[in-house]
Amino acid sequence: MDPPAPVEPYAQAIDPLTAEPVPQPETTFATPDPSVLPVYPSAPMPLVYPPQPYNPYAATAPQRPQDNGMAIAGLVCSLIGICSCVTVIVGLILGHIGLAKANRGEAGGRSMALAAVIIGYIVLALYVGFFGTLIVLGVNGELD
């Protein structure tokens, strides 16, 4: 018995039991009648622009607003206020003004302004507690 002729494996289906090609039914496709097809109006061709050279500076990220000077000054005054009581009040005022500007979107530095306000209130509370304790102890005669 002669070996079967080589068959294109992707062209036909092969029966696994007999290793012979399986006959396939013929499929025919009808061409549509052009008189039945819908007619679409021709759309204008889109404009095609020539490719532009690569510019690494053209696609930069949007710039964030410049840091708020009031926020910076408020943070510095609040930090210096640890040593001197007067600059804490100035730091609180500047911090609130800077925070308002940052919330309105006029300037950046919202986190610095928030830090100035928080540090200012903490330092102010420590000063009030310290001087309040001194006053209470002085009135009761404990400081003599």
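All figures in this text were calculated on a predicted structure; none of them were measured in a lab.

What counts and how
- Residues numbered from 1 in each chain as written.
- Predicted model: local features only at pLDDT ≥ 70, side-chain atom pairs only at ≥ 80, totals over all residues.
- Heavy atoms only, no water.
- pLDDT = per-residue confidence, 0-100.
- Helix = DSSP H or I, 4+ residues; strand = E, 2+ residues; numbered from the N terminus.
- Phe/Tyr/Trp six-rings, centres within 6.5 Å; stacked < 30°, edge-to-face > 60°.
- Buried < 20%, exposed > 50% of the residue type's maximum accessible area, 1.4 Å probe, protein only.
- Contact = heavy atoms within 4.5 Å.
- Expected span 1.5 Å × (residues − 1).

### With respect to the confidence of the model for the protein
Atomic detail in the predicted coordinates should be set aside for any region of low pLDDT.
Inference 1: With 73% of its residues at a pLDDT of 70 or more, the protein has an overall mean of 81.
Inference 2: Mean pLDDT values for the elements of the protein range from 93 in helix α2 (residues 86-104) up to 95 in helix α3 (residues 110-139).

### A closer look at the packing of aromatic side chains
Inference 1: In total, this model carries two aromatic pairs according to the counting rule given.
Inference 2: Relative to F131, the ring of Y127 lies with its centre 6.1 Å away and its plane at 15°, an arrangement referred to as stacked. A residue pair is termed a helical-turn pair when its members lie 3 or 4 positions apart in one helix, as Y127 and F131 do in helix α3 at four residues.
Inference 3: F131 sits in the partly exposed class, given a relative accessible area of 42%.
Inference 4: Among the aromatic residues, ring-to-ring pairing joins Y127, F130 and F131 into one connected group.

### Some details on the side chain of S78
Inference 1: If you trace the backbone, S78 turns up in helix α1 (residues 69-80).
Inference 2: Residue S78 is classed as buried on the basis of its relative accessible area of 0%.
Inference 3: When near neighbours in sequence (up to four residues on either side) are disregarded, S78 contacts T87, G91, L92, A116, I119, G120 and V123.

### Some details on α3
Spacing of three or four residues puts side chains on the same side of an α-helix, whose turn is 3.6 residues.
Inference 1: Over its 30 residues, α3 runs 43 Å from end to end, which matches the ideal 44 Å to within 8%, given 1.5 Å per residue.
Inference 2: Every buried residue of α3 is accounted for by A113, A116, V117, G120, V123 and Y127.
Inference 3: The positive-phi residue at the C-terminal boundary of α3 is G141, with phi of around 80°.

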